[in-house]
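This is what each chain is made of:
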Amino acid sequence: MNLKRFTAFAVFIFFLQFFCGISNAQSNKGMFSTQSAQQWQEALISGNGIQGIMVFGNPSEERVIFNHEFLYEPLGSTEVEPPRIGKYLPEIREMMRKGKYEEALNYSVNMAEKEGYAGLQWTDPYHPALAMEIIQSGTEDYKNYKRSVNFESGEIMVEWQSEGVNHSRKSFVSRADNVIVQSIQNDKQNVNCSIQLQMQGANRRDWATRQEFPVGFEKPEIEYSKNWLSFRVKYKITDGGYEVLTKIYCPGADTKVSENKLEIINAQNVLIISRIESLKNYNESRIQQSKQELNYLEADYNSLLKKHIKIHGEIFNRMALDIYPDNLPRRSAEELIADQMQLKDSISPELLETMFNMGRYALISSSGNNPPNLMGLWNGQWRPAWSGDFTTDANINLQIASANICNLPEAIDSYMKMLERVAPDWEINAANLYGCRGYLAGPRTSGQRGLHTHFDVQFPGHFWLAGTQWLLLPCYEYYQVSGDRDFLEKRLLPMMEKTALFFEDYLSEKDENGNLFFAPSYSPENRPANQNTQASVNATMDIAAAKESFTNLITVYNELNINIKKKKQLQKLLEKFPPYLINEHGALKEWAAEDLEDNNKHRHVSHLYPAWPGHEINPEETPELYVAAERAAEMRERGNESAHGLMHMALIGTRLKNPEIVLDNLYFLLINNFLYSSLFTSHNPNLHIYNSDALCSMPAVVTESLVYSRPGFIEFFPAMDKKFPNGKATNILCRTKVVVNELEWNNQTGEYNIKIESLTDQYIKIMFRHRDVKISVNGAMPIEIEKGKTFELSFNAGETKNIKVK
C-alpha cells in the first residue's frame, strides 16, 4: 500500500525549499556541533541502510570511518547447530514440576554437552570497513567552526574559516547510487590534501570484548593510484572478505602516489566516491565491475546529492513533530546537552524534538537489507560489546518500535528481510531443542543465520519461548496500519502459522489445575528472587506471547475467512492457558507460579509484555490486570540503568496511560549522560557503550504518548500531561488503517485540532482519557464527552474528518 500520498504537499514544500538553496546549516531538522569529534563515538553519522559513514570533522586531520551492514567477522560459530536435547524434555519438565529449577537447568546443559554442545556461542562481531584519513593544509588557526547533519538530506557538512578562506567538506551516502560521496572545497584557494586508508579499531587494545578469539582477518591489501584507491581484506577462517573501491576527482591538480597515501596538490576541488562490497568469496573480486559502475556516475557532487535527496527526503518528511518554534535560534548539541542537565524535572522541547528527528533519521539511515543492529549501522571498533549484533530479547524490538506508527515502511521491509533470511534456522532450533515443529528464535543473531547456540547455566536462553512472536509482532502491526493484504498472505501469514505451530507442539502438558504448563520457561534476563537460577516455569512473557500468537492468527483467519478447523483448535487451547497472577502487593507477577517470587531489581520488564508491545492488558478490557500492571511498573527498579530498560519502561508507561512513568524515564535518560555530542546514545550512563536502543526508540515513546491505537479504537494524548510542550505532529499511522494527518495541541488553552483519514470503511471509537472535552466533527454542533468515555465515528474508505476539541 502506498502511504506517500498523505504527505505529498509536505514533501513538495521540502523539495521546493531545498532546491531553492536552503543549505545544510539552515535546516531546522538537523543538528550541529561546535567541536570536532575526539573519539569515534562522537563522529557524525550518515547512511543509506547498506553503507554508513562516521565523520570526525577535524579541519586539518579528518577521519571518516566506513561501515557496511554485512561486515561481521567470522568466529566459526555461525554454522553450529543447537544440540538435539528435545528427547530429554520429559525429565526436565518433571524436575521443574517438583520445583527443582536449578537441577533441571544443569541437566539440560549436561545433556547438551553429551550431545556435542561446545558451550555458549557468540555471534560474529560487527566491524568497520576502514578509516579514510584526510590531511588538509591551509587549516591553521581556524575559526567559526561547525559540523552538522541535515536529517532531511542525510548530508554531513564541516565548515570553518582560516586566514580569510571559507573551507567546507561535505558528505552523504547515496540511496540512489549506493555510494559514499565526499567533497572538499575552498572558496578562495585550491585544495591541498593527502588521503590514506587504514584499518579502524582493529588492534586488540581497541576491542571491547571477545579477546579470547584470535584476529580474524588478514593484512589489508591497499593500492593507490592517481584516480583510484582500493582496500581489500580477507577473513581468516572463511573464504569471505570485503573490499572498498574509491574514485578520486581532483581537477587541475598535481598528484603524487606513494605506498601509503595519495597526495593532491592545488586541486580546484576534490570529489571522492566510494563503495564497500561484502564478499562471500574473496577471490571473486568486484573491483572491475565497481569501477565500471563508478565511472558511469556523474562527477558532480550536487547532482549526486539531488538524486539521493529525492529518495531520502521523501522518507524523512513523511512525518513531522514540531514542538519547538522555527523562529527561535537553534543551539549546538553541546549546548542542548548542557542545558538539559540544568533543568529540574522537565525536558527541553528543543532537545526532545531534535532527538525525535535524530531517532527517525538513524532508523531510516540504518534500514537496508538489515534493520539497525545494536549500533545502528555505525561502528568504530572490531569486537564491540555483545558483538554489536541483533539482540532479540529487547533491543532490536525497541529499535524497530517506531517504524510503523512513525510512517517508515522501509524500516519494516529491512526488518522483515532479515527475519526471512534467518527463519529457516528457527525450525532447526525448535526440532533440536524441543522436538517440536514450527519456529523458535534465539536471543541473538548476526542476521546471517538464526541458529540458537547462545545458552549455558548462567544464561538459559534455550528456555525462552517468546522470541519469535515478539520478532513478528512489528510485521503484524505493519499489516494493521497499512492493510497490505499481499504482505500478509505471502510473507507474514506462513511465519505466523509456524510460530503458533511450535506452541501447539510445546504445550503438551498441564499443571495440577488443568492449565497448560509452560515448562521450561524464561523471563529475560531475570531470575526469581527466591531462586539461584534464571530457569523457571510459566514466565508471564512466554504465556502472553503464546496467547498473542494464537489470537493474532485467529484474527487473520477470520479476516481471510480461511482455516475454520484450525481456528477452533487454537481457541480451545486458549481456554486452557494458565491465568496471570497478582502478587501480595497487587502487582502483576513475572512468573505465573505461586512458588516463584518477583525480583524487581532488574532492567528488563518482560512480564509487562501484555501491555507493551502487546495490547492484551488495557483499562477497557482487562481493568484488574491493568491496575496490576501499573503497580508492577511502579515497583520495578532500574537495575543497571541501561538505556533499553528506560525506553522499555517509557513505552510501557504510554500503554498504562501514565505520563509520569514516561517523563520520569525520558528525563533520567537525558540528564544522566547518555548522549554523545553526535547525539547518538549510549547503553549505560556516562557514555558507556555506543548503542542505538534509546535513539531509535525515542520517536516511538513520543508518538505513543500522543496517539494510541488498536483495531477500531484510537486514543488521543494517552500519556501526555501539561508539562509536554505545545505543538503539532503530522501523518501518524494507527493500527486500524487510519492516518492522523494532523494533530495540533495547546495544553494551556485546552484546544486540539485533529484531522484523520481512514483507508477503509469502518467505525472507530475515539477517546480522550484524561479530560472532559467538547468535540465538533466537520464543523457540526459540539458534543460533550466525559473523560474516559468513547464516541464513535463512521468512515468510508478514503474519507477525512476534521475534529475540533476543547
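Just so it is clear, the model here is predicted, and its values are computed rather than measured.

Quick notes on the rules
Residues numbered from 1 in each chain as written. Predicted model: local features only at pLDDT ≥ 70, side-chain atom pairs only at ≥ 80, totals over all residues. Heavy atoms only, no water. Helix = DSSP H or I, 4+ residues; strand = E, 2+ residues; numbered from the N terminus. Rg over C-alpha atoms; globule rule 2.2 N^0.38 Å. Buried < 20%, exposed > 50% of the residue type's maximum accessible area, 1.4 Å probe, protein only. Contact = heavy atoms within 4.5 Å. Areas by Shrake-Rupley, 256 points an atom, 1.4 Å probe, with all protein chains shown as cover. Lys, Arg positive; Asp, Glu negative; His and termini not counted. Charge placed at Lys NZ, Arg CZ, Asp CG, Glu CD. Pairing = 2+ DSSP bridges. Axes fitted to C-alpha atoms, helices over the stretch in contact; angles between N-to-C directions. Patch = residues over 30% accessible without salt bridge, like charges linked within 9 Å, V, L, I, M, F, W, Y side chains within 5 Å. Salt bridge = Lys/Arg side-chain N within 4 Å of Asp/Glu carboxyl O. Core = buried A, V, L, I, M, F, W, Y, C linked by side-chain atoms within 4.5 Å. Phe/Tyr/Trp six-rings, centres within 6.5 Å; stacked < 30°, edge-to-face > 60°. Disulfide = S-S within 2.5 Å. Parallel < 35°, antiparallel > 145°, perpendicular 65-115°, else oblique. Left-handed = near helix turned anticlockwise from the far one by under 90°. Polar contact = N/O pair within 3.5 Å; in protein donor to acceptor, adjacent residues only side chain to side chain. pLDDT = per-residue confidence, 0-100.

1. Examining the overall build of the protein
Scanning the protein from terminus to terminus reveals 17 helices and 31 strands. Over its C-alpha atoms the protein spans a radius of gyration of 27 Å, differing by no more than 12% from the 28 Å that the globule rule assigns to 806 residues. With respect to the three principal axes, the spread of C-alpha positions in the protein is 85 × 75 × 50 Å. Buried residues in the protein amount to 64% of all 806 residues. In the protein, the share of contacts with a sequence separation of at least 24, taken over all contacts with a separation of at least 6, comes to 71%. Per element, the accessible surface of the protein, about 29,400 Å² overall, is 46% carbon and sulfur. Averaging the locations of the 84 positively and 100 negatively charged side chains of the protein gives two centres separated by 3 Å.

2. Some points on the sheet that holds strand 9 (residues 180-186)
One open sheet holds the 9 strands; their spatial order is 1-6-7-8-9-16-13-12-11, and the pairing between them is antiparallel. The sheet is open, and its two edges are formed by strand 1 (30-33) and strand 11 (221-224), each paired on a single side. In this sheet, adjacent strand axes meet at a mean angle of 10° when their direction is disregarded. Across 5 bridges, the pairing between strand 9 and strand 16 (residues 270-279) is antiparallel. Residue valine 181 lies in a different strand from strand 16, and its bridge partner there is isoleucine 273. Contacts between helix 5 (residues 301-316) and the sheet are confined to strand 7 (155-162), strand 8 (165-173), strand 9 and strand 16, with strand 8 contributing the most and set at about 40° to the helix.

3. Points about a negative patch on the surface
Together, Glu584, Glu594, Asp595 and Glu597 make up a negatively charged patch on the protein surface. Following the sequence through the fold, glutamate 597 ends up in the loop between helix 13 (564-574) and helix 14 (623-635).

4. Re the nonpolar core
For soluble globular proteins, nonpolar side chains are generally found buried alongside one another. By size, the foremost hydrophobic cluster in this structure holds 245 residues, and its most contacted members are Leu706, Phe716 and Trp745. If one sorts the elements of this core by residue count, helix 9 (residues 409-434) sits on top with 12 residues. Filtering out sequence-adjacent residues up to four positions away, phenylalanine 716 remains in contact with Leu706, Val707, Val740, Leu743, Ile754, Ile756, Ile766, Met767 and Phe768. Core analysis: the second largest hydrophobic core is formed by 15 residues, Phe172, Tyr249, Leu297 and Tyr301 among them.

5. Regarding the packing of aromatic side chains
Tallying each qualifying case throughout the model produces 32 aromatic pairs. Between tyrosine 434 and tyrosine 506, the ring centres sit 5.8 Å apart and the planes meet at 80°, which makes this aromatic pair edge-to-face. On the criterion of sequence distance, the pair formed by tyrosine 434 in helix 9 and tyrosine 506 in helix 11 (residues 485-506) is long-range, its members being 72 residues apart. Note on tyrosine 434: relative accessible area 5%, which makes it buried.

6. Here's the deal with the pairing of strand 13 (residues 241-249)
Among the 9 residues of strand 13, 9 are classified as buried, and the element is accordingly described as predominantly covered. Residue alternation in strand 13 divides its side chains into two sets, Gly241, Glu243, Leu245, Lys247 and Tyr249 and Tyr242, Val244, Thr246 and Ile248, and both sets are buried. Sheet topology note: the strand 13/strand 16 ladder contains 9 bridges and is antiparallel. Directly across from tyrosine 249, in strand 16, lies its bridge partner leucine 271.

7. Comments concerning the state of the cysteines
What the rule picks out here adds up to 0 disulfides. Summary of cysteine pairing: cysteine 475 is not part of a disulfide, and the nearest cysteine sulfur, belonging to cysteine 696, is at 16 Å. Here cysteine 696 is not cross-linked by a disulfide; its sulfur's nearest cysteine counterpart is in cysteine 406, at 11 Å.

8. Here we look at a positive patch on the surface
On the surface, Lys510, Lys568, Lys572 and Lys576 cluster together into a patch of positive charge. Within the secondary structure layout, lysine 576 lies in the loop between helix 13 and helix 14.

9. Examining the sheet that holds strand 31 (residues 800-805)
Here we have 7 strands laid out as an open sheet, ordered 17-24-25-26-31-28-29, and antiparallel in their pairing. Edge positions in the sheet fall to strand 17 (320-322) and strand 29 (783-785), since each has one partner strand and no second. Within the sheet, the average angular offset between the axes of one strand and its neighbour, ignoring direction, is 25°. Relative to strand 31, strand 26 (residues 751-758) is paired through 6 bridges, and the arrangement is antiparallel. Residue asparagine 753 lies in a different strand from strand 31, and its bridge partner there is lysine 804.

10. Things to note about unusual backbone geometry
With the exception of glycine, the majority of residues adopt a negative phi angle, and the majority of peptide bonds are in the trans configuration. In the segment running from proline 524 into glutamate 525, the intervening peptide bond is cis, with an omega of -25°. For glutamate 525, the position within the fold is in the loop between helix 11 and helix 12 (540-560). In this chain, tryptophan 612 is followed by proline 613 through a cis amide linkage whose omega measures 10°. Examined against the element boundaries, proline 613 turns out to sit in the loop between helix 13 and helix 14. Phi is positive for arginine 383, close to 60°, though the residue is something other than glycine.

11. Side note on the pattern of salt bridges
All chains considered together, the criterion is met by 42 salt bridges. Among the salt bridges present, the one from lysine 307 reaches aspartate 177, with a minimum N-O distance of 3.0 Å. Of the two residues, lysine 307 is situated in helix 5 and aspartate 177 in the loop between strand 8 and strand 9; the sequence distance between them amounts to 130 residues. The class for aspartate 177 is buried, based on a relative accessible area of 13%. Where arginine 286 meets glutamate 277, a salt bridge forms, and the shortest distance between an N and an O atom there is 3.2 Å. On the basis of relative accessibility, which here comes to 26%, the residue arginine 286 falls in the partly exposed class. Counted as one network, the salt bridges with shared partners bring together Glu620, Lys657, Arg710, Glu715 and Arg769.

12. Describing the packing of helix 2 (residues 89-97) against helix 3 (residues 101-114)
Interaxial distance between helix 2 and helix 3 falls to 7 Å at its minimum, and their mutual angle equals 165°. Taken together, helix 2 and helix 3 sit at an angle that is classed as roughly antiparallel. In terms of crossing hand, the pair formed by helix 2 and helix 3 is right-handed. Two secondary-structure elements touch here, helix 2 through Glu91, Ile92, Met95 and Met96 and helix 3 through Tyr101, Glu103, Ala104, Tyr107 and Ser108.

13. Details of the side chain of glutamate 277
Mapped onto the secondary structure, glutamate 277 falls in strand 16. At a separation of 3.2 Å, a polar atom in the side chain of glutamate 277 contacts the side chain of arginine 286. For glutamate 277, the contacting residues outside a window of four places in its chain are Gly241, Tyr242, Glu243, Arg286 and Ser290.

14. With respect to the confidence of the model for the protein
Averaged over every residue, the pLDDT of the protein is 95; residues scoring 70 or more account for 97%. Low pLDDT (under 50) marks residues 1-25, which in the prediction has 46 contacts with non-local residues, meaning those over four places away or in another chain.

15. Considerations on the side chain of serine 230
Mapped onto the elements of the fold, serine 230 is located in strand 12 (residues 228-234). A residue is classified by how much of its surface remains accessible, and serine 230, at 11% relative accessible area, is buried. Residues within four places of serine 230 in sequence aside, it is in contact with Leu197, Glu221, Ile222, Glu223, Val244, Leu245 and Ile287.

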